[in-house]
Amino acid sequence: MRLIARDAPIVVLTGAGISRESGLATFRDADGIWARVRIEDVATPEAFARDPGRVHAFYNARRRQIADPAVQPNAAHHALARLARAWPGGVTVVTQNVDDLHDRAGTPNLIHMHGELAKARCGRCGAVTPWRDDLSVETACPSCGRAGAMRPHVVWFGEMPLAMEEIAAALDRCGLFVSIGTSGSVYPAAGFVAEVRGRARTVELNLEPSEGSRLFDETIHGPATRVVPDFVNRLLGPDGRGSSG
């Protein structure tokens, strides 16, 4: 790998593959979540309007899963948090994941572009609230007091991802773009590599080649808990403060 300058900003995109070794299912693998549940039934605004009870049950189960004491940040999460704290040029981590494992690993400058499972949003007043319990159609909004409009603070299919202007600015100035644990099939995130290609170095760290693997300057394939810490160590160098080049 050609080393980058210590002052070059880095953008890291993460997907479900980084959390797989923490015990959370991915979405688009053969045995993933969308192989067992139809997107149209649980992950669209139309599904919520049609059967909010079913949608709440799906996300309540997922919220309980991330609260399981056995589900903890793994070596890949911790390595990225270390990189983000140590890299002189600054690191922006953009995650497609709605789990809280990056947060618990202590990652600074973190953007949850698809929302957060551990938060709820009121469809009437728009208030976003930390939320660890189940939601139901009877749940009242802590801010406005009205019931019937609380929903998971996640981006459903057909909705606009969050913080896109902030992400675009980070991509525009980055010198290195790293994609970790993504299928390369969900847009707009799948298009980030094409946006920066030619003006920033691009690296894919994935269990296997993604759909857009050919667009990257370098691809490293293997379990996230091995390839991510190895890559971070190569970037930071023997002094742990960022190699120059």
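Conventions used here
Residues numbered from 1 in each chain as written. Predicted model: local features only at pLDDT ≥ 70, side-chain atom pairs only at ≥ 80, totals over all residues. Heavy atoms only, no water. Helix = DSSP H or I, 4+ residues; strand = E, 2+ residues; numbered from the N terminus. Rg over C-alpha atoms; globule rule 2.2 N^0.38 Å. Buried < 20%, exposed > 50% of the residue type's maximum accessible area, 1.4 Å probe, protein only. Contact = heavy atoms within 4.5 Å. Lys, Arg positive; Asp, Glu negative; His and termini not counted. Charge placed at Lys NZ, Arg CZ, Asp CG, Glu CD. Core = buried A, V, L, I, M, F, W, Y, C linked by side-chain atoms within 4.5 Å. Arc of directions from axis to C-beta.

This part covers the overall build of the chain. Along the chain, the regular secondary structure elements total nine helices and nine strands. In terms of overall dimensions, the chain is globule-like: its C-alpha atoms have a radius of gyration of 18 Å, near the 18 Å expected for 245 residues. Taking the principal axes of its C-alpha atoms as reference, the chain extends roughly 60 × 35 × 35 Å. Taken across its 245 residues, the chain has 52% of its residues classed as buried. Considering only contacts within the chain whose residues lie at least 6 apart along the sequence, 64% involve residues at least 24 apart. Looking at charge distribution, the chain has the averaged site of its 28 positive side-chain charges lying 2 Å from that of its 28 negative ones.

With 26 residues, the main nonpolar core has Leu205 and Val228 as its most contacted residues. Looking at this core, the elements that each hand over two or more residues are strand E1 (10-14), helix H5 (75-86), strand E2 (91-95), strand E7 (176-180), strand E8 (201-206) and helix H9 (224-236). For this core, the element with the most residues is H9, which contributes seven residues. Residues contacting valine 228, with those up to four places away along its chain left out, are Ala76, Ala79, Leu80, Ile180 and Leu205.

Of the positions making up helix H7 (residues 164-173), those classed as buried are Ile167, Ala170 and Leu171. Along the long axis of H7, the arc covered by the buried residues comes to 100 degrees, so they all point the same way. Seen from the open side of H7, the exposed residues pointing more than 90 degrees away from its buried face are Glu165 and Asp172.

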